[in-house]
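# What the coordinates show
What follows is each chain in one-letter form.
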2 protein chains.
Amino acid sequence: MNVEQAKAKFIQSWGTFGSEWGINRTMAQIHALLLISPVALSTEEIMAELSVSRGNANMNLRSLMDWGIVFKELVPGERKEYFVAEKDIMKVARQISRERRKRELEPVLGILSEIATINPGTSKEGIELKKVAGNIHEVALRVDDVLDKFSRSDENWFYKMVLQLMK
Amino acid sequence: MNVEQAKAKFIQSWGTFGSEWGINRTMAQIHALLLISPVALSTEEIMAELSVSRGNANMNLRSLMDWGIVFKELVPGERKEYFVAEKDIMKVARQISRERRKRELEPVLGILSEIATINPGTSKEGIELKKVAGNIHEVALRVDDVLDKFSRSDENWFYKMVLQLMK
DNA sequence: TAAAAGTTTCAGAAATAATTGAAAGTTTGA
DNA sequence: TCAAACTTTCAATTATTTCTGAAACTTTTA
């Protein structure tokens, strides 16, 4: 496998992996492209490299910036905007867990706790619903805690945890 | 909020949450319905409750069984098949991480290690690609390890881990 | 201040994913 | 063995998501 093939494979795999986890393919591919690029890229370069339209490139770049894993970089003397990805993979992982926690887990936590506190009445349905929602809420709260810890952690926290678990 | 409202809210939230994480909405809703049902349900009951077709119900039930979080239950004297969900939420979480690890993480690990071992040549592109793929591979291997540990762990492992992290 | 350079938006088009429903297939029991 | 009861499959349809491209908007510079 040569460098060109490896690059194509990396971008396409990252796209597939992303879409299996609810991230759109182009967004994941732009991220992949920026991750492996040694220099900042312009919208035009991204459009050309991935064969996507300006609108698509622009919207997904904005999303990536909203997620806090891609940044604008101003090249002195240039009008055009250039983009770079955060290269520290642990930082990227922490940032993604921070965002998904905030956007997706927190809202569900609210609903679960609401359901877990209903008056279940006397029906088996009500009792089971309350019980299950309570159980899920409990687990979800702990996941939330772990993600919070992780997203705030320093560079070595994760490795320390892995070591702990190896014992 | 009464029991009926809470039930509807639970099913719909679980559907939304699932689809944010790459699981189709109906599949997540069937799972939700079975989770909170105190008794095993037939395909007909699921179709009626969620207003979905027989084909849809059947395919998603099969998927849920492939994931190992829903099971057929044979009611003595009945021809019809009934379905129940695994109710232990930690078991469900472990089973889902086991499956996603196997289906989605492992294939990417293979590709990353392939890319991380290319001959990068002398170009900056090749060198950066190899470096980034290597870094991601390293982190992904550790995630893989943690998921493996988690999916094999006993009921209390997760709570012990959380306690460790609280210190 | 005007036009060139660049960015953003968004309605419609295209691509992808999910769903239906009816036909084919399977199992059971008389 | 056959038909009733039930399950599975899949081609066609429908819904959802993503993408395009051109127009509107913003910023810069001459």
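Report follows, based on the coordinates. (Residues numbered from 1 in each chain as written. Chains lettered and ligands numbered in written order. Predicted model: local features only at pLDDT ≥ 70, side-chain atom pairs only at ≥ 80, totals over all residues. Heavy atoms only, no water.)

### Details of the pairing of strand 3 (residues 81-85) of chain A
Residue and element names in this part refer to chain A.
- Note that strand 1 (residues 41-42) and strand 3 share two bridges and pair antiparallel. Following the sheet pairing, S42 is matched in strand 3 by Y82.
- Between strand 2 (residues 70-74) and strand 3, which pair antiparallel and follow one another directly, the connecting turn spans six residues, one of which, G77, has a positive phi of 85°. (Pairing = 2+ DSSP bridges. Helix = DSSP H or I, 4+ residues; strand = E, 2+ residues; numbered from the N terminus.)

### Notes on the packing of helix 2 (residues 25-36) of chain A against helix 3 (residues 43-50) of chain A
All names here are of chain A.
- Direction vectors running N to C along helix 2 and helix 3 enclose 110°, while the axes themselves pass 11 Å from each other. It follows that helix 2 is roughly perpendicular to helix 3 by the angle criterion. Once helix 2 is placed against helix 3, the crossing between them reads as right-handed. Facing Q29, I30, L33 and L34 of helix 2, the residues of helix 3 in contact are I46, E49 and L50.
- In the contact of helix 2 with helix 3, the residues fall into five nonpolar, one polar and one charged. (Axes fitted to C-alpha atoms, helices over the stretch in contact; angles between N-to-C directions. Parallel < 35°, antiparallel > 145°, perpendicular 65-115°, else oblique. Left-handed = near helix turned anticlockwise from the far one by under 90°. Contact = heavy atoms within 4.5 Å. Nonpolar A, V, L, I, M, F, W, Y, C, P; charged D, E, K, R; others polar.)

### Notes on the sheet that holds strand 1 (residues 41-42) of chain B
All names here are of chain B.
- Ordered by their spatial adjacency, three strands build an open sheet running 1-3-2, and the pairing between neighbours is antiparallel. The open sheet is flanked by strand 1 and strand 2 (70-74), the only strands paired with a single partner.
- Sheet analysis places strand 2 next to strand 3 (residues 81-85), joined by five bridges and oriented antiparallel. Bridge pairing in strand 3 places K72 opposite F83.

### Details of helix 5 (residues 89-116) of chain B
- Within helix 5 of chain B, the axis deviates most sharply at R101 of chain B, by approximately 40°.
- At the N-terminal boundary of helix 5 of chain B, the capping side chain belongs to D88 of chain B, with an oxygen 3.0 Å from the backbone nitrogen of M90 of chain B. (Bend = angle between axes of the 7 residues up to and from the residue. Polar contact = N/O pair within 3.5 Å; in protein donor to acceptor, adjacent residues only side chain to side chain.)

### Some details on the protein's contact with DNA strand C
- Around DNA strand C there are 19 residues in total, and N58, R62 and R79 of chain A together with T26 and S53 of chain B lie nearest to it.
- Of everything in DNA strand C that lies within 4 Å of the protein, sugar and phosphate atoms constitute 69%.
- N58 of chain A is positioned such that a nitrogen or oxygen atom in its side chain is 2.4 Å from a phosphate oxygen of DNA strand C.
- Looking at the surface near DNA strand C, the elements that each hand over two or more residues are helix 4 (54-66) of chain A together with helix 4 (54-66) of chain B. (Near = heavy atom within 4 Å.)

### Things to note about the relation of the copies chain A and chain B
- Once chain A is rotated about the relating axis by 180° and shifted along it by 0.0 Å, it coincides with chain B to within an RMSD of 0.0 Å. This pairing of chains is accounted for by a two-fold axis. (Least-squares fit on C-alpha atoms with pLDDT ≥ 70 in both.)

### Quick notes on the interface of chain A and chain B
- Each side of the interface is counted separately: chain A has 53 residues, and chain B has 53 residues.
- When chain A packs against chain B, the two sides together hide about 5100 Å² of surface, and 78% of this comes from carbon and sulfur.
- Counting every contact that joins chain A to chain B gives four salt bridges.
- A salt bridge links E128 of chain A to K87 of chain B; the shortest N-O distance between them is 2.6 Å.
- Counting across the chain A and chain B interface gives six residue pairs in polar contact (both at pLDDT 80 or more).
- At 15 residues, the largest contribution of residues to the side of chain A that touches chain B is made by helix 6 (residues 124-152) of chain A. (Buried area = accessible area lost by both parts, 1.4 Å probe. Salt bridge = Lys/Arg side-chain N within 4 Å of Asp/Glu carboxyl O.)

### Re the pattern of salt bridges
All names here are of chain A.
- On inspection of all chains with the given rule, the structure shows 28 salt bridges over all chains.
- Between R100 and E104 there is a salt bridge whose closest N-O contact spans 2.8 Å. Taken as a pair, R100 and E104 lie in helix 5 (residues 89-116) at a separation of four residues, close to a single helical turn. For the pair shown, R100 and E104 are each scored as buried.
- Put simply, R101 and D144 hold a salt bridge, and the shortest N to O gap is 2.9 Å. Here the residue R101 occupies a position in helix 5, and D144 occupies one in helix 6, the gap between them amounting to 43 residues. The exposure classification of R101 matches that of D144, with both residues buried.
- A cluster of three or more residues bridged by salt bridges with shared partners is formed by R101, E106, D144, D148 and R152. (Buried < 20%, exposed > 50% of the residue type's maximum accessible area, 1.4 Å probe, protein only.)

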